[in-house]
Amino acid sequence: MAGTLALVAAGLVWSMWPDPPVQQVARAQPPERERSELLHPVRPSEPPVQGRDRPASAPSPEAPEDLAKIKNQAYAKAVEDGVARPGEVAFREMIDAFMAYNQAFAEAQAREEGITVAEVHELTYFGFKVLETQRWGDVEDLVEHPISDEVKAQAEQLMHESNADFKGEIRQLVDDGASEEERWALIGDTQSRYMAKYFELTGMNDELVDELLAGDPSRSFAPADTPPPPLEEIEPAPPPPPVEPRPSAG
Amino acid sequence: MRKILTVASLAAMLSVGFAHQANSANYVEYYRDNLFIGLAYHRVACLTNWSTIQSNQDYDGFTHQRYCYSGANAASVPNGSWYDWNYATGKSQLDACGSSTNSKYNTPNYADRSNSCSYNVLMDCNSDCWIRNFSKCQGRQVSIASPCW
């Protein structure tokens, strides 16, 4: 407390010195954008006290329950229709379902960043696609050789740098009042640059990335983290249907 | 006038700072980092005393990106915005939950990939599921996007 008083006293003396003349220079300020509470839950301004304060449930974008089914059905249909990149089609349909399910979040994000919902949609698709490109076990299966730790680290760094650079660039475009067309050009350019550099690092290509995005619905996943149902709700399982072969993309 | 306002703000900040220094409670605070300003998030937890981050340990999986820096302001982390919290008993509690989650997802020492499950977005082997398991162990499950069957 004594330290605070001393500093305040010094500050008062400093404040009594006359200000130098201020140059009247007009500066264009970026528009203030409202921060949505949906995207930014309010952090208590004072430390919570145990016994008195409890955390509130923070809303978050969620995946619809049938997301895997949506993706797998979209893949099967794309193959049946003879589409060139069925994995991409299925992945996009999965993201479309996710975005529709989280429309309120998409709108809030668009408002906060000063862009359109369509841009948020495309950027969500690209963000998830980039995460998929970091599935090293599957990438190694696809390129049919091990990927060194150094290359994996470089690819991860590429992801983080692309992300950071893009955020700075798009926000600058928005602050400068750039058109939607200019923003889409940046989005497209960022996607192209990331994929080109990623291909150069890993030996992947568009066809192999399509396989990556398609995924494998027959693969066993991590152990589920759900509690077992009550005994009285458990009935004997019916016999499983015969396993259908996965539609071939060729 | 600007100087007077600056001095007043500085005095207020120092007073608040002294008040926070008196708080010895621990918290686990959660932050999320969105890729390319879309709705794809990475989630991470840090140990704090509400004022500052108390440890350099990131509690997350499936990334090498660093977020928790001891001494930094707990209101946010680099590239990440705050979204949730819970009381914590201390670093040993969070370390124990981190260790148990690393075992479950086979991400030894908070590895950026699992040795047993194949990373997949919006399904059940990703940073969402890691943080869900960690937060549930810690005492309060936080919201995430993936279903994590």
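See above for the structure.
To start, this report covers the structure provided alongside it. Because the structure is a prediction, the values reported are computed rather than measured.

So, the side chain of Asp-210 of chain A
All names here are of chain A. Mapped onto the fold, Asp-210 is located in helix α9 (residues 206-214). Buried and unpaired, Asp-210 has Arg-85 as its nearest opposite-charge partner, separated by 5.0 Å. Discounting chain neighbours no more than four positions away, the residues touching Asp-210 are Arg-85, Pro-86, Gly-87 and Glu-88.

With respect to the sheet that holds strand β1 (residues 26-34) of chain B
All names here are of chain B. Spatially, β2-β1-β4-β3 is the arrangement adopted by the four strands of the open sheet, whose pairing is antiparallel. The open sheet terminates on both sides in strands that have one partner only, identified here as β2 (41-48) and β3 (76-77). Pairing geometry for β1 and strand β4 (residues 80-88), over seven bridges, is antiparallel. Counted as the bridge partner of Glu-29 is Trp-85 from β4. The strands touched by helix α3 (residues 127-138) are β1, β2 and β4; relative to β2, the strand with the most contacts, the crossing angle is about 30°.

What to know about the pattern of salt bridges
All names here are of chain A. For the coordinates displayed, the defined rule picks out 19 salt bridges over all chains. Across the salt bridge formed by Glu-140 and Lys-152, the nearest N and O atoms sit 3.5 Å from each other. With Glu-140 in helix α6 (residues 136-143) and Lys-152 in helix α7 (residues 149-175), this pair connects stretches of sequence that are twelve residues apart. Since its relative accessible area comes to 10%, Lys-152 is described here as buried. The shortest N-O distance in the salt bridge between Glu-169 and Arg-193 comes to 3.9 Å. Placement of the pair is Glu-169 in helix α7 and Arg-193 in helix α8 (residues 180-202), with a sequence separation of 24 residues. Its relative accessible area of 32% is what places Glu-169 among the partly exposed residues. Arg-193 sits in the partly exposed class, given a relative accessible area of 44%.

The rules behind each value
- Residues numbered from 1 in each chain as written.
- Chains lettered and ligands numbered in written order.
- Predicted model: local features only at pLDDT ≥ 70, side-chain atom pairs only at ≥ 80, totals over all residues.
- Heavy atoms only, no water.
- Helix = DSSP H or I, 4+ residues; strand = E, 2+ residues; numbered from the N terminus.
- Buried < 20%, exposed > 50% of the residue type's maximum accessible area, 1.4 Å probe, protein only.
- Lys, Arg positive; Asp, Glu negative; His and termini not counted.
- Salt bridge = Lys/Arg side-chain N within 4 Å of Asp/Glu carboxyl O.
- Contact = heavy atoms within 4.5 Å.
- Pairing = 2+ DSSP bridges.
- Axes fitted to C-alpha atoms, helices over the stretch in contact; angles between N-to-C directions.

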